[in-house]
Amino acid sequence: SPLESAFHASAERHERFWIFGVLVMLVLLTIGTMFYVVHDYGLVTSTHSYATDPQAPPREAAFQDGKVVRTGPNAYAVYMVGRAWHWSPDVIHVPEGAEITFYVTSADVLHGFEIQGTPVNLTAVPGVVGTVKYTFHHTGLFRIICNEYCGMFHHAMVARIIVDP
Ligand code: CUA
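Residues numbered from 1 in each chain as written. Predicted model: local features only at pLDDT ≥ 70, side-chain atom pairs only at ≥ 80, totals over all residues. Heavy atoms only, no water.

J.: So what exactly am I meant to see when it comes to the sheet that holds strand β11 (residues 158–164) here?
T.: Adjacent strands of a sheet pair through backbone hydrogen bonds, lying either parallel or antiparallel. Spatially, five strands are ordered β5-β11-β10-β7-β8 in an open sheet, and the strand pairing comes out mixed. Two strands lie at the open edges of the sheet, namely β5 (91–95) and β8 (121–124), each paired on one side alone. Within this sheet the neighbouring strands show an average axis-to-axis angle of 25°, counted without direction. The pairing of β5 with β11 spans five bridges and is classified as parallel. Paired with Val94 across the bridge in β11 is Val163. (Pairing = 2+ DSSP bridges. Helix = DSSP H or I, 4+ residues; strand = E, 2+ residues; numbered from the N terminus. Axes fitted to C-alpha atoms, helices over the stretch in contact; angles between N-to-C directions.)

J.: I tried to follow the pattern of salt bridges on my own but got confused; where do I start?
T.: Counted by the stated rule, this structure contains two salt bridges. The salt bridge involving Glu99 is made with Lys133; its shortest N-O contact spans 4.0 Å. With Glu99 in strand β6 (residues 99–106) and Lys133 in strand β9 (residues 129–135), this pair connects stretches of sequence that are 34 residues apart. Overall, the relative accessible area of 35% leaves Glu99 in the partly exposed class. Classification of Lys133 as partly exposed rests on a relative accessible area of 42%. (Salt bridge = Lys/Arg side-chain N within 4 Å of Asp/Glu carboxyl O. Buried < 20%, exposed > 50% of the residue type's maximum accessible area, 1.4 Å probe, protein only.)

J.: Explain the environment of Val158 to me, please; I cannot follow it from the model alone.
T.: Mapped onto the fold, Val158 is located in strand β11. Judged by its relative accessible area of 35%, Val158 falls in the partly exposed class. In the structure, Val158 is positioned 15 residues away from Arg143 in sequence and 6.5 Å away in space, judged by C-alpha atoms. Once you skip the residues sitting within four places of it in the chain, Val158 turns out to touch Trp87, Arg143, Ile144 and Ile145. (Contact = heavy atoms within 4.5 Å.)

J.: When you look at the nonpolar core in this model, what are you seeing that I'm missing?
T.: Generally speaking, nonpolar side chains in soluble globular proteins are found buried as a group. In this structure, Trp87, Phe102, Phe113, Ile115, Phe136 and Ile161 are the most contacted members of the largest nonpolar core, which totals 26 residues. Those elements giving two or more residues to this core turn out to be β3 (75–83), β5, β6, β7 (111–115), β8, β9, β10 (140–145) and β11. (Core = buried A, V, L, I, M, F, W, Y, C linked by side-chain atoms within 4.5 Å.)

Rendered as structure tokens:
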């Protein structure tokens, strides 16, 4: 009947519309997820790397949890571990103008390692050591904050870097 074929034509239009709509949503979701991961997780900061090679377990064993080590006349290594909900070490002193290499990992869940007022921003990942170098050109207090939601006291996960003259 004419009524029936009109119904079929209409149903087909709706079907095509929804197939197209779902495809568009999938593409947008994929792009959005990629952008979120790359942008918000800090994977685009220029000067860091993540060690995930087969030598990682021995390096983990040698990881000097919570230590600041002088590695040269004007260079320091900082071994930083994130745990719910604090950073270890939670206060460090470094001299202005020194090259600081941060080795960052997590002992439990994902944490975000961000030094406020600097471009330093990477994710602390359990079992993985992230590396970022930075030189402070101002004396004073810098805060390390956790920018990756990690539970009840996420907001309190703050450490301090004191840059001495
Ligand atoms: Cu650690 Cu949020």
